[in-house]
Amino acid sequence: AIAKLRDSFEVDMWPYEDQPIPKGELLNRVESADAILSMLTETIDEEVFLKGKQLKVVANMAVGFDNIDVEAAKKHNVIVTNTPEVLNETTADLTFALLLATARRIPEAVDFVKENKWSTWSPFLMAGSDVHHKTLGIVGMGNIGQAVAKRATGFNMNILYHNRSRKREAEQELGVQYAEFDDLIKQSDFVVCMTPLTDETKNMFNDDVFKKMKDAAIFINSSRGGVVVEEDLYQALINGDIKAAGLDVFKDEPISSDHPLLELSQVVALPHIGSASVDTRMKMIELAVDNISRVLNGEEPVTPVY
Ligand code: 8YV
C-alpha cells in the first residue's frame, strides 16, 4: 500500500515499530507535508495544523479518531479520514475471544499447565463462569457492537444494549433489547464497552457504575481505555464489586508490566489488538492510502469523518 503511495508521492516514513514519532519530530516533518497517515499513537492537535501549512488530509489508520482534534482540522480546512467497516468483524472476533478468555480463565489456565502446576484433577480446578445463556450488555451499539451481538446469539445469550439512539433493525434481526444504561449495568453478567471515546463517554465506567454491577459481572473493554477510571476498576476488582475484566485497551498505551491492573489474576490484558489480523490491517492501510491519494488528486475521500 505504501509502495502505491510512493508511485505518485514522496513518502517520509517514521519507523513506528520502535516507538511513536516524538512530537517535535512530527512538528518538524509536517511543515513540508501534504498528508499525514497516522495511527492512534500520534496526537494530531492544533499545534500540528498550525505547523502543517500545506496539510490537506490526515488519514487515520483506525476507526476511532480521538487522537485527532477534529475541530482544529475543520478550522484549518484539513480533511480527516478514518477506516470504518473493514475492521468490524475482526474487532468483534477479538472482543468475543476476550470475553471467553476472561470468563473461562484461559490465560491463567495456560500458564498453569506451562508452569508445571497441573498435578491433580479437582472439581473446581480453573473453574470459570458460563457464557452461554447469560445476559450480555453491550454499551455502544454501532457496527462493531452489533457484530459482537451477532456472535453472542450463537451462544444463546440474552442481549441488552444501550446506545444514544435506538437500533430498531438490530432489535428485529438479532433479538437484542434496548435498556437504559443503569438497567443494563445492573442486569448484565457481561458488560462489553464498544463506545468511541468522547467527552460524553470519558470515565463513564467509574466507581459508581462498578458498584451497581453484579458481583459476578465480567467487564470487557476493547474500545478505548479512556472510558474507564482504571483506579476505580482496580478497586472494584479488589473489593469484589465485579468478578473479572478483559481489557484490550488502556488509558495510557502502551502500559508497562508494573501497571496495577496486571497484578490481578482476574484481569486478562491484551496490547490493543482488536483489529490486528493481517487481512484487516491490510484493508485498513489500503483504505487510508486510498483516502490520501484521492484527496491529493483533488477527489472526495472514501471515508471522511465529517
Ligand atoms: C487501530 C483501533 O487499528 O480502529 C481503531 O479505532 O483502535 C484499532 O483498530 C489501532 O489502534 C491502530 O491505529
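A quick note: this is a predicted structure, and the numbers were derived from the prediction, not measured.

A. Spotlight on the domain arrangement of the protein chain. Once the domains are mapped, the protein chain shows domain 1 (2-85 + 277-296) and domain 2 (88-269). Here domain 1 and domain 2 have C-alpha centroids that lie 31 Å from each other. For the side of domain 1 that touches domain 2, the residue count by class is no nonpolar, three polar and two charged.

B. Quick peek at the packing of helix α5 (residues 88-103) against helix α7 (residues 143-153). Close contact between α5 and α7 brings their axes to 8 Å; oriented N to C, the two are set at 55 degrees. Overall, the two elements α5 and α7 adopt an arrangement that is oblique. Two packed elements cross with a definite hand, and for α5 against α7 that hand is right-handed. For the pair formed by α5 and α7, the contact residues are N88, E89, T91, A92, T95 and F96 on the first element and N143, I144, A147, V148 and R151 on the second. A breakdown of the residues in the contact of α5 with α7 according to their chemical character gives five nonpolar, four polar and two charged.

C. The environment of V295, seen in detail. The residue V295 is located in helix α12 (residues 278-296) in this model. The class for V295 is buried, based on 22 C-beta atoms found within 10 Å. Taking the C-alpha atoms as reference, V295 lies 9.6 Å from D34; in sequence the two are 261 residues apart. In this structure V295 touches A35, K56, V57, I79 and P301, once residues within four positions along its chain are discounted.

Definitions and limits used
- Residues numbered from 1 in each chain as written.
- Predicted model: local features only at pLDDT ≥ 70, side-chain atom pairs only at ≥ 80, totals over all residues.
- Domains from an automatic or database assignment.
- Nonpolar A, V, L, I, M, F, W, Y, C, P; charged D, E, K, R; others polar.
- Axes fitted to C-alpha atoms, helices over the stretch in contact; angles between N-to-C directions.
- Helix = DSSP H or I, 4+ residues; strand = E, 2+ residues; numbered from the N terminus.
- Parallel < 35°, antiparallel > 145°, perpendicular 65-115°, else oblique.
- Left-handed = near helix turned anticlockwise from the far one by under 90°.
- Contact = placed C-beta atoms within 7 Å.
- Buried ≥ 20, exposed ≤ 12 C-beta atoms within 10 Å, placed from the backbone.

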